[in-house]
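Overview (structure and organization)
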Amino acid sequence: MAAHKIIFVSQEISPYLSATDNARWGRSLPQSIQQRKYEVRTFMPDYGDINERRNQLHEVIRLSGMNISIGDSDHPLIVKVASMQPSRIQVYFIDNDDYFQKLESDADSFGTNRADNDERMIFYARGTAETARKLRWEPEIMQVSGWVSALIPMYIKTLFNDGPAFSSTKLVYSVLPESRIENLDGAIFEKLSAEGVSDEILAPFREMELNHTLLHKMAIAFSDAVVFQTAAPDPELTAYCDEIGKPWRHFQGEGDHAEDYDALYKSLMA
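All of the points below concern the structure found in this document. (Residues numbered from 1 in each chain as written. Predicted model: local features only at pLDDT ≥ 70, side-chain atom pairs only at ≥ 80, totals over all residues. Heavy atoms only, no water.)

1. Examining the pattern of salt bridges
Counted under the stated rule, the structure contains 17 salt bridges. In this structure, the salt-bridge partner of Arg-24 is Asp-21, at a minimum N-O distance of 2.5 Å. Placement of both Arg-24 and Asp-21 in helix 1 (residues 21-35) is noted, with a separation of three residues, approximately one turn of the helix. What makes Arg-24 partly exposed here is its relative accessible area of 40%. When its relative accessible area of 58% is taken as the criterion, Asp-21 is described as exposed. We note a salt bridge from Arg-114 to Asp-116, for which the minimum N-O separation is 3.1 Å. The class of Arg-114 is buried, set by a relative accessible area of 6%. (Salt bridge = Lys/Arg side-chain N within 4 Å of Asp/Glu carboxyl O. Helix = DSSP H or I, 4+ residues; strand = E, 2+ residues; numbered from the N terminus. Buried < 20%, exposed > 50% of the residue type's maximum accessible area, 1.4 Å probe, protein only.)

Shown next as structure tokens:
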């Protein structure tokens, strides 16, 4: 029997970024899931804080070179890869000099305070989806976490749902304890519309407050299951899950919860 295929789309993975609990989880869960006989690939942004030489990143020419248009500008997609040790899981880094280079004004490695965070999320979503499609790998599960990844479920379920690459992919979105994004430009809806997301899809979100919680709701709406991996689930978000009929679970305590995630993935693929 062929191994199940899963893509992890993360905001941070150790050792490429600082060793926070989320970064350690971003490394540990894919490794633990791989040990359960899954085939695993991972994605994360190539932030300016990442030491490319020490971590042996190198560009993948066949995956790079696409121009992603956002607003009135074209932004070249650069894809780099490294091998996570000792598991040898491939980590694909989505990069662009306009969006993921370190700025002096950045409050943290992710740039949660940046005014262009809407465009950075759009670039990461399209860059990840385009790259995963080019891999011709057809994952059964896509595990998504972190605010910078919050548009991925929408892209996979709407703009990239017309081909074999993601036709049977189930999306799991994990809400982690993280720094809240400070800026979200209301123009994000016009930019998503320009990407091809329909007004019908965007209409419910236009009525919501422009904040970090909106990003979670946008991810939840297009996911097949939601995991709250925080001390306590956010009551506004669990109410939203119940309102739109999304199953959710609460994993708490130490460890990567690989057994819990494995059971969840298998239930979605059944």
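2. Quick word on the layout of surface pockets
In this structure, the largest pocket encloses a volume near 330 Å³. The wall of the largest pocket is formed by 17 residues, among which Asp-21, Gln-229, Gly-253, Glu-254 and Gly-255 lie closest to the centre. Class assignment for the residues of the lining of the largest pocket results in five nonpolar, eight polar and four charged. In this structure, the second largest pocket occupies an estimated 190 Å³ of space. As for the second largest pocket, its lining consists of Pro-15, Tyr-16, Arg-27, Arg-54, Asn-55, Gln-56, His-58, Ala-82, Ser-83, Met-84 and Gln-85. Broken down by element, the lining of the second largest pocket gets its largest block of residues, three residues, from strand 6 (residues 78-84). For the lining of the second largest pocket, the class distribution of residues is four nonpolar, five polar and two charged. (1 Å grid on protein atoms, 1.4 Å probe; cavity = no way out; pocket = protein on both sides within 12 Å on 5 of 7 lines; lining within 4 Å. Points joined across faces, edges and corners; volume = space filled by probe spheres on them. Nonpolar A, V, L, I, M, F, W, Y, C, P; charged D, E, K, R; others polar.)

3. Observations concerning unusual backbone geometry
Put simply, Ser-14 and Pro-15 share a cis peptide bond, and its omega is 10 degrees. On the secondary structure map, Pro-15 appears in the loop between strand 1 (4-9) and helix 1. With an omega of 0 degrees, the peptide bond between Gln-85 and Pro-86 qualifies as cis. Here Pro-86 lies in the loop between strand 6 and strand 7 (89-95). Of note, the phi angle at Lys-37 is positive, near 70 degrees, even though the residue is not glycine. By the secondary structure assignment, Lys-37 is in the loop between helix 1 and strand 2 (38-45). For His-257, which is not a glycine, the phi torsion comes out positive at approximately 60 degrees.

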